[in-house]
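# Chains, contacts and geometry: an overview
Single-letter residue listing:
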Amino acid sequence: MRILICDDDTLIIEQLQKYIESYFESNHLKCPELVSFTSGESLLADKNEKDIVFLDIEMPGMNGIFVGNELKKANKNVIIFVVTSYSEYLDEAMRFHVFRYLSKPLDKQRFFRNMKDALTYYNSITTKIPVETKQGVYSFPASQIIAIEAQGRKVIVHTARQDFDSIHNMDYWLEQLPKNSFFQTHRSFIVNFEHIVDFDHSTIHLSNQQITAYLTRRKYSSFKNTYLLYLESMR
């Protein structure tokens, strides 16, 4: 993993570096590569992987809105934190799906909470989960799994690519899948929050329109609250 900081204020760069190093140290994790830039031009000139980016909006030359859009064009999965004193840029920043909006001066505890969410999301789109079938083993990032469905004795893994008949049961999948983004809505369905389009008291419509998941009425409130918390964490 590479974490990049882009700000024309060297004091903010130093503060972010300290907070990032402190977060990883306090969680007994190895700190990833940290790279800093003082202009959008130098950031975009970097040809290496960009996993998490802390991006200032008001900089000489290319502003952060332009740079953020270019980063998303190159890699839609890049996790971008906008760091600025100017809240009027929030609407523009949201257009390129900024992960979080951090106000200066930075609050350390809020930073730690957001960093935890970013790493959880990063793991969901990069950590591959094996899908074992009678024909072989296939692996996908958790984000590509739309839902797990039990049909009689069969357990089907619906992915963005195709469906697979898993040799494992629903209990196995409940243990394997990230609990922050998957929910068992019915004895026959485990759904990925990322792929939900809409829902009512009994059904859930997913990004694959051929799949409609059931929602048990007694689980409705718990599901709704957990899903809304998930959406809040993705802002």
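Residues numbered from 1 in each chain as written. Predicted model: local features only at pLDDT ≥ 70, side-chain atom pairs only at ≥ 80, totals over all residues. Heavy atoms only, no water.

### Comments concerning the packing of aromatic side chains
Within this structure, the stated rule accounts for 22 aromatic pairs. Ring centres of Phe183 and Phe223 lie 5.5 Å apart, and the angle between their planes is 70°; on these two criteria the pair is classed as edge-to-face. Here Phe183 is found in strand E11 (residues 182–186), whereas its partner Phe223 is found in helix H7 (residues 220–233), with 40 residues between them in sequence. Just as Phe183 is buried, Phe223 falls in that class too. Between Phe193 and Phe223, the ring centres sit 6.0 Å apart and the planes meet at 45°, which makes this aromatic pair tilted. Taken together, the positions of Phe193 in the loop between strand E12 (189–192) and strand E13 (196–199) and Phe223 in helix H7 put the pair 30 residues apart, joining distant regions of the chain. (Phe/Tyr/Trp six-rings, centres within 6.5 Å; stacked < 30°, edge-to-face > 60°. Helix = DSSP H or I, 4+ residues; strand = E, 2+ residues; numbered from the N terminus. Buried < 20%, exposed > 50% of the residue type's maximum accessible area, 1.4 Å probe, protein only.)

### Overview of the sheet that holds strand E4 (residues 79–84)
Pairing is parallel in the open sheet, where 5 strands are placed in the order E2-E1-E3-E4-E5. Bordering the open sheet on either side are strand E2 (33–37) and strand E5 (100–103), each of which pairs with just one other strand. If you compare each strand with its neighbour and ignore which way they point, the axes differ by 20° on average. Sheet analysis places strand E3 (residues 52–56) next to E4, joined by 5 bridges and oriented parallel. Note that in E4 the partner of Asp56 across the bridge is Val83. Against the sheet, helix H3 (residues 64–74) touches E3 and E4, its axis set at about 160° to E3. (Pairing = 2+ DSSP bridges. Axes fitted to C-alpha atoms, helices over the stretch in contact; angles between N-to-C directions. Contact = heavy atoms within 4.5 Å.)

### A few points about a negative patch on the surface
Negative charge collects at one region of the surface, where Asp8, Asp9, Glu14 and Glu58 lie side by side. Mapping Asp8 onto the fold places it in the loop between strand E1 (2–6) and helix H1 (10–26). (Patch = residues over 30% accessible without salt bridge, like charges linked within 9 Å, V, L, I, M, F, W, Y side chains within 5 Å. Areas by Shrake-Rupley, 256 points an atom, 1.4 Å probe, with all protein chains shown as cover. Salt bridge = Lys/Arg side-chain N within 4 Å of Asp/Glu carboxyl O. Lys, Arg positive; Asp, Glu negative; His and termini not counted. Charge placed at Lys NZ, Arg CZ, Asp CG, Glu CD.)

### Considerations on the pairing of E11
Burial of E11 is extensive: 5 of the 5 residues sit out of reach of the surface. As judged from the 4 bridges shared by E11 and E12, these two strands associate in the antiparallel manner. The partner of Gln184 across the bridge, within E12, is Ile190. What sits between E11 and E12 in their antiparallel hairpin is a turn of 2 residues.

### Some thoughts on unusual backbone geometry
Cis geometry is adopted by the peptide bond preceding Pro105, which originates at Lys104 and carries an omega value of 0°. Residue placement: Pro105 occurs in the loop between E5 and helix H5 (108–126). Unusually for a residue other than glycine, His28 sits at a positive phi of about 55°. Relative to the helices and strands, His28 resides in the loop between H1 and E2.

### What about the nonpolar core?
Judged by nonpolar contacts, the single largest core of 25 residues is most densely connected at Ile52, Phe54, Ile79, Phe81, Phe111 and Met115. Counting residues per element, this core draws most heavily on H5, at 8 residues. If we skip the residues at most four places from it in the chain, Phe54 touches Ile3, Leu4, Ile5, Cys6, Leu16, Ile20, Phe81, Val83, Leu102, Phe111 and Met115. Judged by nonpolar contacts, the second largest core, of 17 residues, contains Leu4, Val35, Leu55 and Met59. (Core = buried A, V, L, I, M, F, W, Y, C linked by side-chain atoms within 4.5 Å.)

### Considerations on the pattern of salt bridges
What the rule picks out here adds up to 7 salt bridges. Of the charged contacts, one joins Asp56 and Lys104 as a salt bridge, the two residues approaching to 3.5 Å between their closest N and O atoms. Taken together, the residues Asp56 in strand E3 and Lys104 in the loop between E5 and H5 connect sequence positions 48 residues apart. One salt bridge connects Asp117 with Arg100, and the closest N-O pair in it is separated by 2.8 Å. Remark: Arg100 occurs in strand E5 and Asp117 occurs in helix H5; sequence separation between them is 17 residues. Assessed through its relative accessible area of 6%, Arg100 is described here as buried. Because the salt bridges share partners, they merge into one network encompassing Arg2, Glu33, Asp46 and Lys50.

### Description of the environment of Ser202
Within the secondary structure, Ser202 is located in the loop between E13 and strand E14 (203–206). Owing to a relative accessible area of 34%, Ser202 belongs among the partly exposed residues under this scheme. Remark: the alpha-carbon pair of Ser202 and Tyr220, spanning 18 residues in sequence, is separated by 8.0 Å. Residues within four places of Ser202 in sequence aside, it is in contact with Ala213, Tyr214 and Leu215.

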